[in-house]
Amino acid sequence: MSSELRTRTIVGLGLIAMAVGALVFGGFVFWMLLSIAGVLMMGEWGMLTGASSDQRKMAMYAVSVPLAILCPVAAGVSWLGFGLMMASFFFVLITSRAIKLALGILYICLPVMALLFLRGQAPDSHGLLLAFWALGLVWATDIGAYFAGRSIGGPKLAPRVSPSKTWSGLGGGVLAALLTGFLLYRFAALPIQLAAASGLLAVAAQLGDLLESAMKRRAGVKDSSNLLPGHGGVMDRLDGVVAAAPLAALLYLVLAGA
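Attention shifts here to the overall build of the chain. Each helix and strand in the chain was counted, giving ten helices and two strands. Counting helices and strands in the order they occur from the N terminus, the chain gives α-α-α-α-α-α-β-β-α-α-α-α. Whereas a compact globule of 258 residues would reach a radius of gyration of roughly 18 Å, the chain reaches 18 Å, a difference of no more than 12%. Considering the chain as a whole, with its 258 residues, one finds that 47% of them fall into the buried category. Pairs at least 24 apart in sequence give 66% of the contacts found in the chain among residues at least 6 apart. Split by element, the accessible area of the chain, about 12,700 Å² in all, is 70% carbon and sulfur. Here the chain holds 17 positive side-chain charges and 10 negative ones, and the gap between their average locations is 5 Å.

Moving on to the packing of aromatic side chains. This structure, assessed with the given rule, holds seven aromatic pairs. Relative to Phe82, the ring of Trp79 has its centre 5.8 Å away and its plane inclined at 80°; by these criteria the two rings are edge-to-face. With a gap of three residues between them, Trp79 and Phe82 both fall in helix H4 (residues 79-96), about one helical turn apart. Looking at Phe82, the relative accessible area reads 32%, which means it is partly exposed. Geometrically, the ring pair formed by Phe132 and Trp139 is edge-to-face, given 6.3 Å between the ring centres and 75° between the ring planes. For Phe132, a relative accessible area of 31% translates into the label partly exposed. Lying across the ring of Phe187, Arg186 places its NZ or CZ 5.1 Å from the centre.

So, on to the packing of helix H6 (residues 124-152) against helix H9 (residues 198-219). Contact geometry for H6 and H9: axes closest at 9 Å, N-to-C directions at 65°. When the axis of H6 is compared with that of H9, the two are roughly perpendicular. The two elements H6 and H9 cross, and the hand of that crossing is right-handed. Across the interface between the two elements, Trp133, Ala134, Leu137, Val138, Thr141, Asp142 and Ala145 from H6 touch Ser198, Leu201, Ala202, Ala205 and Gln206 from H9. Among the residues forming the contact of H6 with H9, the class breakdown is eight nonpolar, three polar and one charged.

In this section: a nonpolar patch on the surface. Among the surface-exposed residues, Phe25, Phe28, Val29, Met32, Ile36, Leu40, Val73 and Leu227 lie close enough to one another that they form a single nonpolar patch of about 780 Å² accessible area. Per-element tally for the nonpolar patch: the top contributor is helix H2 (residues 27-48), with five residues.

A few words now on H9. Compared with an ideal rise of 1.5 Å per residue, which puts 22 residues at 32 Å, H9 spans 32 Å between its outermost C-alpha atoms and is within 8% of the ideal. Positive backbone phi, at 75°, marks Gly220, one or two positions downstream of H9.

Here we come to the side chain of Ser162. Secondary-structure assignment places Ser162 in strand S2 (residues 162-166). Taking the relative accessible area as the measure of exposure, Ser162 reaches 8% and is therefore buried. Apart from residues no more than four positions distant in its own chain, Ser162 is found in contact with Leu210 and Ser213.

Analysis parameters
- Residues numbered from 1 in each chain as written.
- Predicted model: local features only at pLDDT ≥ 70, side-chain atom pairs only at ≥ 80, totals over all residues.
- Heavy atoms only, no water.
- Helix = DSSP H or I, 4+ residues; strand = E, 2+ residues; numbered from the N terminus.
- Rg over C-alpha atoms; globule rule 2.2 N^0.38 Å.
- Buried < 20%, exposed > 50% of the residue type's maximum accessible area, 1.4 Å probe, protein only.
- Contact = heavy atoms within 4.5 Å.
- Areas by Shrake-Rupley, 256 points an atom, 1.4 Å probe, with all protein chains shown as cover.
- Lys, Arg positive; Asp, Glu negative; His and termini not counted.
- Charge placed at Lys NZ, Arg CZ, Asp CG, Glu CD.
- Phe/Tyr/Trp six-rings, centres within 6.5 Å; stacked < 30°, edge-to-face > 60°.
- Lys NZ or Arg CZ within 6 Å of the ring centre and 35° of its normal.
- Axes fitted to C-alpha atoms, helices over the stretch in contact; angles between N-to-C directions.
- Parallel < 35°, antiparallel > 145°, perpendicular 65-115°, else oblique.
- Left-handed = near helix turned anticlockwise from the far one by under 90°.
- Nonpolar A, V, L, I, M, F, W, Y, C, P; charged D, E, K, R; others polar.
- Patch = residues over 30% accessible without salt bridge, like charges linked within 9 Å, V, L, I, M, F, W, Y side chains within 5 Å.
- Salt bridge = Lys/Arg side-chain N within 4 Å of Asp/Glu carboxyl O.
- Expected span 1.5 Å × (residues − 1).

Shown next as structure tokens:
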């Protein structure tokens, strides 16, 4: 095993352990991990949108306000948190006059709110299942897309944005997500409606990946940052989650009758 692959493997396992541990603990621990990731992502978003150093710092301070109020010992997931998110968006927009930078507030806060909402559903085991469903399907999609794309190949999905992605990879990701959803239905009592809709999350995750790929291509960089050795930046690891998590929360509200 090469040193680069060894580093990537060690860091990857560490990230998985951290995410699963925070997910199981829930509450303050889960919020803290998501908030730290959110602030770091805001800095990476600013870099990809061409913001200056001062603008990036200002945006990172701004996004910390709605993230802070989402803390379980504060207001939690509430209309106050949503209102502060919108206030932070307009604050960044007015002070920087950069709509792309300001959109980062929504890009970060919406999935954080969605994941905290799902994890906070009672009883605790129900919330854990829902949050794991939202995150696990993204992981399953990535794995399914990788192996299907490598083994089958075929027409490119979006060659100008991400030359390595194929339609077969998308299909493999959707199938992996559906399989994961129905396994959670069979062995963990995930509502059948959500299991059947799992393929939609796979498509959303791939779209989130393509969005970040387009931003990196426009910025002329390979990764959103070099914060995570062998993995790039936080956005590189969570681009699929950003798109899938809000949809997962919406599907739960609509299909599961929350």
